[in-house]
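Descriptive analysis of the structure
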Amino acid sequence: GTDCMRPKLREVAEASMFDPKKALLDATAAFVPGFHVFHNQVLVATYITPPRVMTGPNGEDVGFHHTDKKHAEDRFQGKAYLVLKCGPLAFKDDNVAKFGGVKLDVGDWIMGRPSDAMEFFLGDVKEGISCRLFEDVHIKARIDDPAMIY
């Protein structure tokens, strides 16, 4: 596969069929404690769309269908993310930004524009999870389900 079809992304996508939040939290758990977010930044993991289950001729499940294109779209164009950690100044009112009491918690799903954040892989170069750092003002909404937006 291509760079965007890393084995870890495939594994997370398959686990996302059952619980996408747990899949991302589990995949990043070893790295988040050592990642110290500064200022008003928010560390998020990119939502990876679960694969389609392929059906055999008798209606049985015969495996998963992943495509390079779909994983690339999730990485580069996806707008749903899971909050992993917030910096100490995130969502605190200042002279410019007023948040109206909005706060985010670890495990919240958010929506943002991918180009408003810096993408990197948390973990090693081959097995890392696609993550981003957003400034709090670039997070557009909290959402109940990452599959509700595209």
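Definitions and limits used
- Residues numbered from 1 in each chain as written.
- Predicted model: local features only at pLDDT ≥ 70, side-chain atom pairs only at ≥ 80, totals over all residues.
- Heavy atoms only, no water.
- Pairing = 2+ DSSP bridges.
- Helix = DSSP H or I, 4+ residues; strand = E, 2+ residues; numbered from the N terminus.
- Axes fitted to C-alpha atoms, helices over the stretch in contact; angles between N-to-C directions.
- Contact = heavy atoms within 4.5 Å.
- Salt bridge = Lys/Arg side-chain N within 4 Å of Asp/Glu carboxyl O.
- Buried < 20%, exposed > 50% of the residue type's maximum accessible area, 1.4 Å probe, protein only.
- pLDDT = per-residue confidence, 0-100.

1. Structural notes on the sheet that holds strand S6 (residues 118-122)
Think of a sheet as strands paired side by side through backbone hydrogen bonds, with each pair either parallel or antiparallel. Strand order across the open sheet formed by 6 strands is S6-S7-S1-S4-S5-S8, with antiparallel pairing between neighbours. The sheet terminates laterally at S6 and strand S8 (139-143), the two strands that pair on one side only. Ignoring which end each strand starts from, the neighbouring axes of this sheet average 40° apart. Relative to strand S7 (residues 129-135), S6 runs antiparallel, the two sharing 5 bridges. Counterpart to Glu119 in the pairing with S7 is Arg132. The sheet contacts of helix H2 (residues 20-28) involve strand S1 (41-46), strand S4 (80-86), strand S5 (109-112), S6 and S7, and relative to S4 the element is tilted by about 45°.

2. Structural notes on the pattern of salt bridges
Side-chain pairing between opposite charges can occur once the charged atoms of the two side chains come close. In this structure the tally under the stated criterion is 3 salt bridges. Residue Arg142 is joined to Asp108 by a salt bridge in which the shortest nitrogen-to-oxygen separation is 3.3 Å. With Arg142 in strand S8 and Asp108 in the loop between S4 and S5, this residue pair connects regions lying 34 residues apart in the sequence. For Arg113, the salt bridge goes to Asp116, with nearest N and O atoms at 3.0 Å. A residue is classified by how much of its surface remains accessible, and Arg113, at 48% relative accessible area, is partly exposed. When its relative accessible area of 18% is taken as the criterion, Asp116 is described as buried.

3. Description of the confidence of the model for the protein chain
Across the protein chain, the average pLDDT comes to 84, with 77% of residues at 70 or higher. Here residues 1-5 is modelled with pLDDT under 50, and outside its nearest four sequence neighbours on either side it reaches 13 contacts, counting other chains as well.

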